[in-house]
Amino acid sequence: QVQLVDTGGGLVQAGGSLRLSCAASGRTFSSYAMGWFRQAPGKEREFVAAIAWIGGNTYYADSVKGRFTISRDNAKNTVYLQMNSLKPEDTAVYYCAADLKPTIATITQPETYDYWGQGTQVTVSS
């Protein structure tokens, strides 16, 4: 079992910044990938960003490229999502997730992830 706790959400004005954190505990694997997804009311869960634990390759949705940065701290088993230049359309519940057998083809697909955090609300006001 892997437990994920995601924190750091809040209310921010457009143009502002937030940093989300996802702490992993329990059984951890050296080859898994960590991702961030978000879900706005009435919409499907969508991919935001992902990072491979080995090598650190990163992947981003087009809508957040240049504004969001995913990073990891191996010693703390923690992944971060730095969100800058936030827009009202970024408003959603953000979830971190762990994919124990990631592939390049599936790393953006939520159905392939094995464990999920409880979610943290991000609200961007205009």
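Higher on the page you've got the structure.
As the structure is a prediction and not an experimental result, all values here were calculated from the model.

Engineer: What should I look at first to understand unusual backbone geometry in this one?
Structural biologist: Unlike most non-glycine residues, asparagine 77 shows phi in positive territory, near 50°. Inspection of the secondary structure assignment puts asparagine 77 in the loop between strand E7 (68-73) and strand E8 (78-83). Classification of asparagine 77 as partly exposed rests on a relative accessible area of 24%. Despite not being glycine, serine 85 shows a phi value in the positive range, around 50°.

Engineer: How do you make sense of the state of the cysteines when you look at a structure like this?
Structural biologist: Counted under the stated rule, the structure contains one disulfide. A disulfide bridge connects cysteine 22 with cysteine 96, and the sulfur atoms are separated by 2.1 Å. Here the disulfide of cysteine 22 and cysteine 96 is right-handed, its torsion about the S-S bond being about 60°. With a gap of 74 residues between them, cysteine 22 in strand E3 (residues 18-26) and cysteine 96 in strand E9 (residues 92-99) connect regions that are remote in the sequence.

Engineer: I tried to follow the pattern of salt bridges on my own but got confused; where do I start?
Structural biologist: Opposite charge on two side chains permits them to pair, given that their charged atoms come into close proximity. Per the stated rule, a full pass over the model turns up four salt bridges. Aspartate 62 is paired through a salt bridge with lysine 65; the nearest N and O atoms lie 3.2 Å apart. In this structure aspartate 62 comes out as exposed when scored by relative accessible area, which is 64%. Taking the shortest distance from any N to any O, the salt bridge between aspartate 90 and arginine 67 comes out at 2.8 Å.

Engineer: Where do I start with the pairing of E9 in this structure?
Structural biologist: For a regular strand, side-chain orientation follows a simple rule: the groups alternate between the two sheet faces. Burial within E9 is extensive, with seven of its eight residues counted as buried. Bridging between strand E4 (residues 33-39) and E9 involves seven bridges; their strand directions are antiparallel. Bridge pairing links methionine 34 to alanine 98 in E9. Here E9 pairs with strand E11 (residues 120-125) via three bridges, running antiparallel. Bridge pairing in E11 links alanine 92 to valine 122. By the bridge criterion, two bridges tie E9 to strand E10 (residues 115-116) in an arrangement that is antiparallel.

Engineer: Mind showing me how you'd approach the nonpolar core here?
Structural biologist: One broad trend across soluble globular proteins is that nonpolar side chains are buried collectively. Core analysis: the largest hydrophobic core is formed by 37 residues, its most contacted members being Leu4, Met34, Trp36, Leu81, Met83 and Tyr94. Contributions of two or more residues to this core are made by strand E1 (2-7), E3, E4, strand E5 (46-52), E7, E8, E9 and E11. With near-sequence residues (within four places) excluded, methionine 34 lies in contact with Leu4, Cys22, Ala49, Ala50, Ile51, Trp53, Ile70, Val79, Ala97, Ala98 and Tyr113.

Engineer: Explain the sheet that holds E1 to me, please; I cannot follow it from the model alone.
Structural biologist: Strand pairing in a sheet relies on backbone hydrogen bonds. The paired strands run either parallel or antiparallel. The strand order across the open sheet formed by four strands is E1-E3-E8-E7, and the pairing between neighbours is antiparallel. With partners counted over all chains shown, the strands left at the sheet margins are E1 and E7, one partner each. Averaged over neighbouring strand pairs, the angle between their axes works out to 15° when direction is ignored. For E3 and E8, the ladder comprises six bridges, and the chain directions are antiparallel. By the bridge assignment, cysteine 22 is partnered in E8 with valine 79.

Calculation criteria
- Residues numbered from 1 in each chain as written.
- Predicted model: local features only at pLDDT ≥ 70, side-chain atom pairs only at ≥ 80, totals over all residues.
- Heavy atoms only, no water.
- Helix = DSSP H or I, 4+ residues; strand = E, 2+ residues; numbered from the N terminus.
- Buried < 20%, exposed > 50% of the residue type's maximum accessible area, 1.4 Å probe, protein only.
- Disulfide = S-S within 2.5 Å.
- Salt bridge = Lys/Arg side-chain N within 4 Å of Asp/Glu carboxyl O.
- Pairing = 2+ DSSP bridges.
- Core = buried A, V, L, I, M, F, W, Y, C linked by side-chain atoms within 4.5 Å.
- Contact = heavy atoms within 4.5 Å.
- Axes fitted to C-alpha atoms, helices over the stretch in contact; angles between N-to-C directions.

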